[in-house]
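Spelled out from the first residue to the last, the chains are:
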Amino acid sequence: MDPAVTIETLRKDLAEVKSALDQKNFEAVSAEAQQQSNLLNNITLAIAITGRSGAGKSSFVNALRGMKDRGEGAALTGVTETTMVPQEYSHPTFPNFKIWDLPGIGTTKFSAKEYLTKVNFSNYDFFIIVSSGRFTEDDTKLALEIQENNKKFYYVRSKVDIDIDNDRRSKGIDVGDTHEMMQSEKETLETIRKDSYNNLKALGVSSPRVFLISRWDLSKYDFPLLQETFEKEQDEIKRDVLILCLPILTKDSLKKKKAAMESLIWKKAMVSCSVGLIPVPFLSLGFDVGIVVSTMRDICKVFCLDENSLNILANRVGKDVEELKSVIEHTPSTGKITTEFIMDFLKRSPVWGTITAVELVLDFIPLLGALYGGGSSFATTFYMLKNFLENAVKDAEKVQAKAAEPKRRK
Ligand SMILES: Nc1nc2c(ncn2[C@@H]2O[C@H](COP(=O)(O)OP(=O)(O)OP(=O)(O)O)[C@@H](O)[C@H]2O)c(=O)[nH]1
Ligand SMILES: [Mg+2]
């Protein structure tokens, strides 16, 4: 791991930590850090996907998990037999993030109330109702009942790529005619938007919000907006879980993941001062190596740099995993993130060797001196994790760019 954090960036980061600490009293922040620092493993988030048979529910489940429809653990799609019981699918690397594939209400004989009881509605954080055509009265009754039970729901209109293509063909527009294609696409999307709005309004929904989506290109159309909307409407902790677990689709998702991870890092650094300390002889410091190791591994998973995520991404984009790995410069494979790796990094770190980062930390946030090790544990953990994160983001950008490159013809 090459050092990526300089004194200047450390100073800036500490100013941010300080402003977070200044807003509450130290004990409250400390307790909050304890509670939230392990959110990826402690907090469960469950999303329910419902909608008519064939609407694209299972495809959407796979899309949210960053997976292809074929492959180990993928939800079965395109089958004619609809399963009549909720199916649970965990996120491939963060098992507490669950997506439930529910049978559509129209495929059951239940009323909305009975349906919600049967599918254990209270287990879900929110619902997504998927339709590939008009939303039905059943879907709408369900949405109103969900609302009645104080849960959120989002309407998703899937398969817009098919509508766009159909309209283009019926207008006789050639695929080479980019300008005409774009115009036609705009018109199709506008028509679907209006039609969905009017249809839902007619069914009794007061201010319908519909998100237009294609499973084949989630970075286009309304998926980024949908993601942003449900992040906005969750509490702070669940929002961070969503941001960290949802697939990387745009540069913006990388940015958001980085910010969420940064806020997690200083909480981890505070916790690292209080438990299972081991001394670092050459620095006469103590910090929790276990926390540092597990957080670095989590960073790898969040930024799709661990073996499992890389394999899933390679499979999704039809590339060899070695090709994706070849652009990773700084981030080691998760198996190599060990106590030895961390000690070695600290020994080689020029920033750590030449300045007393502890003093810098205490200068900024004298309160941290009250922590175990007089702030040194905090400073060491914070510095190392921040460094690892900066490097991971650089690598993630390169891996995503490689994944997005057109495939070479053989
Ligand atoms: N072109 C296109 N096809 C899609 C999209 N979403 C799903 N499909 C296809 O639509 C078909 C049905 O999708 P599924 O995800 O199996 O639908 P489902 O709602 O789970 O169906 P049931 O489980 O039978 O209720 C599959 O062949 C999918 O590949 C999309 O956004 N665009
Ligand atoms: Mg299905």
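Since the model is a prediction, treat every value here as computed from it, not as a measurement.

*Asks:* Help me get a handle on the side chain of Gln-234, residues and values and all.
*Replies:* One can find Gln-234 in the loop between helix 9 (223–232) and helix 10 (236–245). The contact partners of Gln-234, leaving out residues within four places of it in the chain, are Asp-125, Phe-126, Arg-239 and Leu-242.

*Asks:* Please set out the site of ligand 1 residue by residue, giving values where relevant.
*Replies:* Near ligand 1, the surroundings consist of 18 residues, among which Ser-58, Ser-59, Gly-78, Asp-161 and Arg-215 are the closest. One of the backbone nitrogen or oxygen atoms of Gly-56 is found 3.0 Å away from an oxygen atom of ligand 1. Where the shell around ligand 1 is concerned, the elements lending two or more residues are helix 4 (57–64) and helix 7 (160–170). The element contributing the most residues to the shell around ligand 1 is helix 4, with 3 residues.

*Asks:* An account of the pattern of salt bridges is requested, with residue identities and associated values reported.
*Replies:* Taken as a whole and assessed by the stated rule, the structure comprises 22 salt bridges. When the shortest N-O distance is used, the salt bridge between Lys-171 and Glu-187 registers 3.0 Å. Of this pair, Lys-171 sits in the loop between helix 7 and helix 8 (178–202) while Glu-187 sits in helix 8, placing them 16 residues apart in sequence. Using a relative accessible area of 39% as the deciding quantity, one classes Lys-171 as partly exposed. Take Glu-187: its relative accessible area is 38%, and that puts it in the partly exposed class. A salt bridge links Lys-325 to Glu-307, with the nearest nitrogen and oxygen atoms 2.9 Å apart. Remark: Glu-307 occurs in helix 13 (residues 307–317) and Lys-325 occurs in helix 14 (residues 321–325); sequence separation between them is 18 residues.

*Asks:* So what about the pairing of strand 3 (residues 97–101)? Which residues, and what values?
*Replies:* With respect to burial, strand 3 is a largely interior element, 5 of its 5 residues being buried. Residues Phe-97, Ile-99 and Asp-101 of strand 3 are buried on one face, and the alternating residues Lys-98 and Trp-100, pointing to the opposite face, are buried as well. Where strand 2 (residues 87–90) meets strand 3, 4 bridges bridge the pair, whose relative direction is antiparallel. When the bridges of strand 3 are listed, Ser-90 appears paired with Lys-98. Linkage of strand 2 to strand 3, two consecutive antiparallel strands, is achieved through a turn of 6 residues.

About the cut-offs
- Residues numbered from 1 in each chain as written.
- Chains lettered and ligands numbered in written order.
- Predicted model: local features only at pLDDT ≥ 70, side-chain atom pairs only at ≥ 80, totals over all residues.
- Heavy atoms only, no water.
- Helix = DSSP H or I, 4+ residues; strand = E, 2+ residues; numbered from the N terminus.
- Contact = heavy atoms within 4.5 Å.
- Near = heavy atom within 4 Å.
- Polar contact = N/O pair within 3.5 Å; in protein donor to acceptor, adjacent residues only side chain to side chain.
- Salt bridge = Lys/Arg side-chain N within 4 Å of Asp/Glu carboxyl O.
- Buried < 20%, exposed > 50% of the residue type's maximum accessible area, 1.4 Å probe, protein only.
- Pairing = 2+ DSSP bridges.

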